[in-house]
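Descriptive structure summary
Chain by chain, the residues run as shown.
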Amino acid sequence: MPAFRQAGERQLPNPILCMAWSPKRDLIALASTTGELLLHRLTNFHRVWNLAPSEHIGKEITALAWRPDGKILAFSLGDTKQVVLCGVEKAEILHVFRMQNRISCMHWMEVTDESSALGSFSQTEDESKHFLPKLASLPKSYSTTSKLFSEEKSDEIMNLLGEVRLNILVLGGDDGNVELYAYGMYRIATLAGVPGSCRNLGLSSDLKSLVVITELTSAEERAEICFVQLDTSLLSDCLPELTRMARKFTHISTLLQYLHLSLSCMCEAWEEIFMQMDLRLTKFVQEKNTSTQVQDEFLELLLWGQSSPELQALLMNQLTVKGLKKLGQTIESSYSSIQKLVISHLQSGSEALLYHLSEVKGMSLWKKKFEPLGLDSAAIEDAITSVGTFSLKTSELLQVIDKSMKNFKAFFRWLYVAMLRMCDEHVPPELNKMTQKDIAFVADFLSEHFSENEQLFDRKGKYFNVERVGQYLKDEDEDLVSPPSTDGNQWLQFLEKSTHLKESPLLFPSFPQKSLHFVKRMMENAIELCLKKPAEVIGKSVKQAVLLPLYLTPKRAENSPRLFELPSLWNNKKTKMHYVVFCMPHVSPHKLYLLRKDSDTNRQVSNYVASLDLCHQLKGSDGENSASRPNGGAACTDARFYNDEMLTVVLKGVEEDSARSILGQIPLTSAFDCEIEFNWTPDMRLEEQSASIPSQTLVLENQWRELEGMKAQYVAVNGIREVACVLSENLRHLRAFEMDVEDEDDDGAEAQNDTAEQDMLDATATSQGDENGEAGNGERRKNEENLESEESSEL
């Protein structure tokens, strides 16, 4: 019986550039050359969902990485230089951040050290839930404000932290820059000076070192592959402090995004509803042809109850009683929505920001613990001040909204009654009463919105001004058109006379001439400076400990999938070792080479280079040498670490057996058990001294399977779930295997028949996609429900 049971097979229309198994479930993510992201299930290789490319996000996926809990998938875009965090359950984009350079590889790891879990050192971590109200979800009616977000977006954003244990997303760029993001959100380190471009990387689970496989341009105009080990001992030494700081700053990052979304909802409420009213009343004023001002004619109607025939015609024909009533309701609804967003979202979010920043300030004052990480109390104080200023501006906006609502209500109720009288219709008694305050509100409305003062005109030359609230939502650097009046404000008068209070750091400065957007940008810049300092300090502490030139290789073709190229990396959490596997086909096509380094750069490892000879027999399940083995040996096209003890390889025959492909498992237990120790000669590439590398002859035993009808080239594995996926040479043909189950011939034939039927069904579904869009959406919802139920059962 063949080893490994085939679980599914698929022919895809577009070549695959990246593939990665979920660490927790039998799901594999695929990225195609068109920029489409696919999620497939192991069983029959069934597609769960797909995320189509877009101009806003990007169309060139360059790297994939799963969060260790399997709930979020990160991918990078080469054309837009962005990194995206995508929720797996609903294919929903949760967070996007832009990079300075193109990302070529990424790795998402979880710290296994117990000190990374929040213990007695930081028991106050969850106390914010007791002191702060739960942030409100974004309104459903405005959830389409951004192309990226849905109605449950705010809840998803706040859940990005995931588990309490620290996890770090490591990003490597084409220019050699490496950045580390705690929880995939907050940048804790920026590393510059890594030679060449990053080809692969891995951070040890104990945070003591970071390994990078780089590609340099050699003197021979060929690519030189090098092994670089960086000392990141500061992260390891300050792990409890780093964990707490990272969680706090990640909270702050998510709150900033929450405020951004809330403000976007407010802008939508204004632009889509209120600006329509602006255009209608502007048109109404522009069509007036008399020499008198609109304000004067409305005042005559207010004082004497009589209007000119022209004003009466405009009111009755342009606005109409029904239209005016509807317009008034629209205005009131718009103001109420903005008011609720300010209270429940902006003010709550800014209060939470102040809370977390104040805790960070307390951490910065504990210099023994947090000074090595670069916490700057002065920068944090500036950030706290900027958040206070933002909070003051939201309170100012609430006062403006309250005053404008009173004026609008009074004006529209009065005008509605006046138009009913013009039509000789019955006026309800409750509307017929007007107090002196109501008359004052109407007069204020007329003076503010129909004034001849050029400063109150809209910047586009409109005759009607409704910018009293809207000016706060404009993303401009110019001063407010109609700033709030501070005449008679006793607190400001007292503050102006007091020389001590005026410069007091305890008082938050206000910017009465600036918009809410302007103050928000000031706050974001101050917090960015606060968050940036630790990343710079930690980045400067990282030093290069090892640089080993491995071999020369022809320059990579532009269309070749970069993530599939060797070397491949692995970190053994038990032995705390970095492992590297690679081939040097120009030196010895039948050998695999292994390199290992201790994660602690201060410790040396004996026998750290070895090679595996693939030129010998394959053994069948009966223990005898297989008569069907490839003659002349085999060459390795890809190799991935399955777990700490096993290596998964894709082999192909040479010479007359070049069309044959084999999937196999190689045990690593005795790979480095050599009596002869290799001594690396400095200033020489490994390929130049390959003859002295100890070699082991390992037999695949019964852990191999011939891949009939497939020119296999690459493989992706997950030893935790015991699965593998093989990709063909043309990057379109995929086969998935369960590695712990032996295949049976009947079951294999049945699986192939099921796969063929599934392919026919997929082809039919594709041709009928436009007609059956709703059915496709229903299937996608079903898949999402299945994922949710699976996760609940696992929990």
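Digging into the overall build of the protein chain
The helix and strand inventory of the protein chain stands at 16 helices and 29 strands. Here the protein chain holds 795 residues, and the buried ones make up 54% of them. Intrachain contacts of the protein chain at a sequence separation of at least 6 include 66% that bridge at least 24 residues. Total accessible area computed for the protein chain in this model is approximately 36200 Å², and 48% of it derives from carbon and sulfur atoms.

A word on the pairing of strand β24 (residues 661-667)
By the criterion of burial, β24 is predominantly enclosed, with 6 of the 7 residues buried. With 7 bridges connecting them, strand β23 (residues 646-653) and β24 associate as antiparallel partners. Residue pairing in the sheet places K652 in a bridge with S661 of β24. When β24 meets strand β26 (residues 704-706), the two strands line up antiparallel, connected through 3 bridges.

Quick notes on the sheet that holds strand β22 (residues 634-641)
Pairing is antiparallel in the open sheet, where 4 strands are placed in the order β22-β23-β24-β26. Because the sheet does not close on itself, it has two edges, and the strands there are β22 and β26. Neighbour-to-neighbour, the strand axes of this sheet turn through a mean angle of 20°, independent of strand direction.

Brief notes about the sheet that holds strand β17 (residues 543-553)
As summarised here, the arrangement of the 4 strands in space is β14-β15-β16-β17, forming an open sheet in which the pairing is antiparallel. The open sheet has two edge strands with one neighbour each: β14 (197-203) and β17. Looking at each pair of strands side by side, their axes are set apart by 20° on average, direction ignored.

Details of unusual backbone geometry
The backbone of N44 sits at a positive phi, close to 55°, despite the residue not being glycine. Residue placement: N44 occurs in the loop between β4 (37-41) and β5 (47-51). With relative accessibility at 31%, the residue N44 sits in the partly exposed group. Despite not being glycine, L731 has its phi angle at roughly 65°, a positive value.

Quick word on the pattern of salt bridges
In total, this model carries 23 salt bridges according to the counting rule given. Across the pair E55 and K59 runs a salt bridge, and its minimum N-O distance is 2.8 Å. R685 is the partner of E688 in a salt bridge, and the nearest nitrogen-oxygen pair spans 3.4 Å. E688 gets classed as partly exposed once you look at its relative accessible area, which sits at 45%. Taken together, the salt bridges that share partners define one network made up of E224, R685, E687 and E688.

Considerations on the environment of S218
Within the secondary structure, S218 is located in the loop between β15 (209-217) and β16 (223-231). Taking C-alpha positions, S218 is 9.8 Å from T553, a pair spaced 335 residues apart along the chain. In contact with S218, other than residues within four places in its own chain, are E224 and L552.

Quick notes on the environment of S344
With respect to the secondary-structure elements, S344 resides in helix α7 (residues 321-365). Note: C-alpha distance between S344 and S262 (82 residues apart in sequence) is 9.6 Å. Setting aside residues up to four positions removed in sequence, S344 forms contacts with A136 and Y258. Within the structure, the side chain of S344 is placed 2.6 Å from the backbone oxygen of K340, a separation counted as a polar contact.

Focus: the packing of aromatic side chains
On inspection of all chains with the given rule, the structure shows 11 aromatic pairs. Joined through ring pairs, the aromatic side chains of Y551, F582 and Y593 make up one cluster. The residue whose ring lies beneath K514 is F518, and the NZ or CZ to ring-centre distance is 4.7 Å.

Considering the nonpolar core
One finds L166, L180, L207, M266 and I527 to be the most contacted residues of the largest nonpolar core, which totals 108 residues. No other element matches the 22 residues that helix α9 (residues 377-422) contributes to this core. Apart from residues lying up to four places away in sequence, L180 is in contact with I168, L169, V170, Y186, R187, I188, A189, L191, L203 and L235. By size, the runner-up hydrophobic cluster in this structure holds 46 residues, among which are V546, I666, F678 and L698.

Observations regarding the state of the cysteines
Taken as a whole, this structure holds 0 disulfides when the rule is applied. Not engaged in a disulfide, the cysteine C265 finds its nearest cysteine sulfur in C267; these two sulfurs lie 9.3 Å apart. Residue classification places C265 among the buried residues on the basis of a relative accessible area of 2%.

Observations regarding the side chain of H578
Along the chain, H578 falls in strand β19 (residues 577-583). Taking relative accessible area as the criterion, H578 reaches 4% and is therefore assigned buried.

A short note on the side chain of Q347
Relative to the assigned elements, Q347 resides in helix α7. If we ignore the near neighbours within four places in the chain, the residues touching Q347 are V342, T394, S395 and L398.

What counts as what
Residue numbers here run from 1 along each chain, matching the order of that chain's written sequence. Whole-chain, interface and lining totals are the exception, using all residues; otherwise, since this is a predicted model, local features are given only for residues with pLDDT of at least 70 and side-chain atom pairs are given and counted only at 80 or more. Note that water and hydrogens are dropped before the side-chain values are worked out from all heavy atoms of the structure. Secondary structure elements are taken from DSSP: a helix is a run of H or I of four residues or more, a strand is a run of E of two residues or more, and numbering for both begins at the N terminus. Under the scheme applied here, a residue whose accessible area is under 20% of the maximum for its type counts as buried, over 50% as exposed, and between as partly exposed, the area being computed with a 1.4 Å probe on protein chains only. The contact criterion used throughout is that any non-hydrogen atoms of two residues lie within 4.5 Å. The Shrake-Rupley method, run with a 1.4 Å probe sphere, supplies the accessible areas, and residue values consider only the shown protein chains as cover. Strands are labelled as partners when DSSP assigns at least two bridges between them. As a rule, the C-alpha atoms of each element are fitted with a line to give its axis, helices using only the stretch in contact, and angles between N-to-C directions run from 0 to 180 degrees. Salt bridges are identified by distance alone: a Lys or Arg side-chain nitrogen within 4 Å of an Asp or Glu carboxyl oxygen. Side-chain atoms alone can form a polar contact between residues adjacent in sequence; in general such a contact is a pair of N or O atoms within 3.5 Å, and within protein one must be able to donate a hydrogen while the other accepts it. Only centres within 6.5 Å qualify two rings of Phe, Tyr or Trp (six-membered ring in Trp) as a pair; their planes then separate them into stacked at under 30 degrees, edge-to-face at over 60, and tilted for everything else. Counted as over-ring charges are cases with an Arg CZ or a Lys NZ within 6 Å of the ring centre that also lie within 35 degrees of the ring normal. In this description, a nonpolar core means a group of buried Ala, Val, Leu, Ile, Met, Phe, Trp, Tyr and Cys residues linked to one another through side-chain atoms lying within 4.5 Å. Any pair of cysteine sulfurs within 2.5 Å is marked as a disulfide.

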